[in-house]
Amino acid sequence: MSDDVREAAAHNNAQWCDAVCASHGLVGRIDAEAWSVPRRSPPWYPDAVTLRPGVDPDALLARIDAGAGASVKDSFADVDLSAYGFRVLFEAQWIHRPPTEPPAGAPLTPVTTARGLAAWASAHGGGELFRPALLADPRIRVLARFDDRGAVVGGAVLSGDDPVGVSNLFSSTDDPDEIWRAVVVTRPDVPLVGYESAPDLPPARRAGFLPAGPLRVWLR
């Protein structure tokens, strides 16, 4: 798969991480090497994301608080941080889907209010991680699937313009395939990117996403 796809996916993911951090009052820094925040990022989010292959580990760690709890998304799985006290938290695959004709099905519904976001976050399990400031960010669309009673039973976040990133996809009905298909129905007109670990990759593949290369997340 072209390195251009991986780089585009990494940049898109960095923008999403930046938006989450900004909603928590953390100002990020981005350049050709990496995106990073100087203070600890919110739970489940990295302190840095590499944006090209071959980033120097010393320069990368100098950008962040590299103490206990620090995490780095190694977007090209080529930065060895084991000598710096880090371990591999997990490995995953970047994925992408080119624009296509939309499959059959209903799109997801945008979440537009703070109350709706709280219900979405409760169903997702993210709690206080997802703050109302995200709804004011034009780069971000929080999307939900509702049941007949109006309860959130699944959803995802779409971020960016071209490509559009897919993240935080979940389903409380144990049918992630339906949510993946609904994501494609929602934005069939643009390239879609994201990443998934091996156990969660098959539903994305069934929705037409293709692997685009490995990544690692390191934790100290």
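Look up: the structure comes first, before these words.
Throughout, residues of each chain are indexed from 1 in the direction in which the sequence is written. Only residues with pLDDT of 70 or above have their local features reported here, since the model is predicted, and side-chain atom pairs are shown and tallied only from 80 upward, although totals for entire chains, interfaces and linings are computed over all residues. Think of the side-chain values as coming from all heavy atoms in the structure, minus any hydrogens and water.

(A) The arrangement of the pairing of strand 11 (residues 210-219) in detail. Bridge count between strand 4 (residues 71-74) and strand 11: 4 bridges; the pairing is antiparallel. When the bridges of strand 11 are listed, Ser71 appears paired with Leu219. When DSSP finds two or more bridges between a pair of strands, those strands are recorded as paired. The helix and strand labels rest on DSSP assignments: H or I over at least four residues marks a helix, E over at least two residues marks a strand, and numbering proceeds from the N terminus. As judged from the 9 bridges shared by strand 5 (residues 87-97) and strand 11, these two strands associate in the antiparallel manner. The residue bridging Val88 from the neighbouring strand is Trp218, located in strand 11.

(B) Region of interest: empty space enclosed by the protein. In this analysis the probe radius is 1.4 Å and the grid spacing 1 Å, with only protein atoms considered; a cavity is a set of points the probe fits into but cannot get out of, a pocket is an open set with protein on both sides within 12 Å along at least five of seven lines, and lining residues have an atom within 4 Å of a point. Grid points are joined across faces, edges and corners, and a volume is the space filled by probe spheres set on the points. Following the criterion strictly, the structure yields 1 cavity of 30 Å³ or more and no others. Counted as a void, the largest cavity has a volume near 30 Å³. No other element matches the 4 residues that helix 1 (residues 3-23) contributes to the lining of the largest cavity.

(C) Region of interest: the layout of surface pockets. Space inside the largest pocket adds up to approximately 940 Å³. Elements that contribute at least two residues to the lining of the largest pocket include exactly helix 1, strand 4, strand 5, strand 9 (164-171), helix 4 (176-186), strand 10 (192-196) and strand 11. Among the elements that take part in the lining of the largest pocket, strand 9 stands out by supplying 7 residues, more than any other.

(D) Quick look at the packing of aromatic side chains. Each Phe, Tyr or Trp ring, with Trp reduced to its six-membered ring, pairs with another whose centre is within 6.5 Å; inter-plane angles below 30 degrees give stacked pairs, above 60 give edge-to-face pairs, and intermediate values give tilted ones. Evaluated as defined, the whole model comprises 6 aromatic pairs. Both rings, one in Phe90 and one in Tyr195, keep their centres 6.4 Å apart while their planes meet at 15°; by these two values the pair is stacked. Note that Phe90 is positioned in strand 5 and Tyr195 in strand 10, a separation of 105 residues in sequence. Burial classification: accessible surface area is computed with a 1.4 Å probe over protein chains only, and a residue below 20% of its type maximum counts as buried, one above 50% as exposed, and the rest as partly exposed. With a relative accessible area of 24%, Tyr195 lands in the partly exposed category. Taking the centre distance of 5.4 Å and the plane angle of 80° together, the rings of Trp120 and Phe170 count as edge-to-face. With Trp120 in helix 3 (residues 114-124) and Phe170 in strand 9, this residue pair connects regions lying 50 residues apart in the sequence. Like Trp120, the residue Phe170 is buried in the burial classification. Following the ring pairs from residue to residue traces out a cluster consisting of Phe90, Trp94 and Tyr195.

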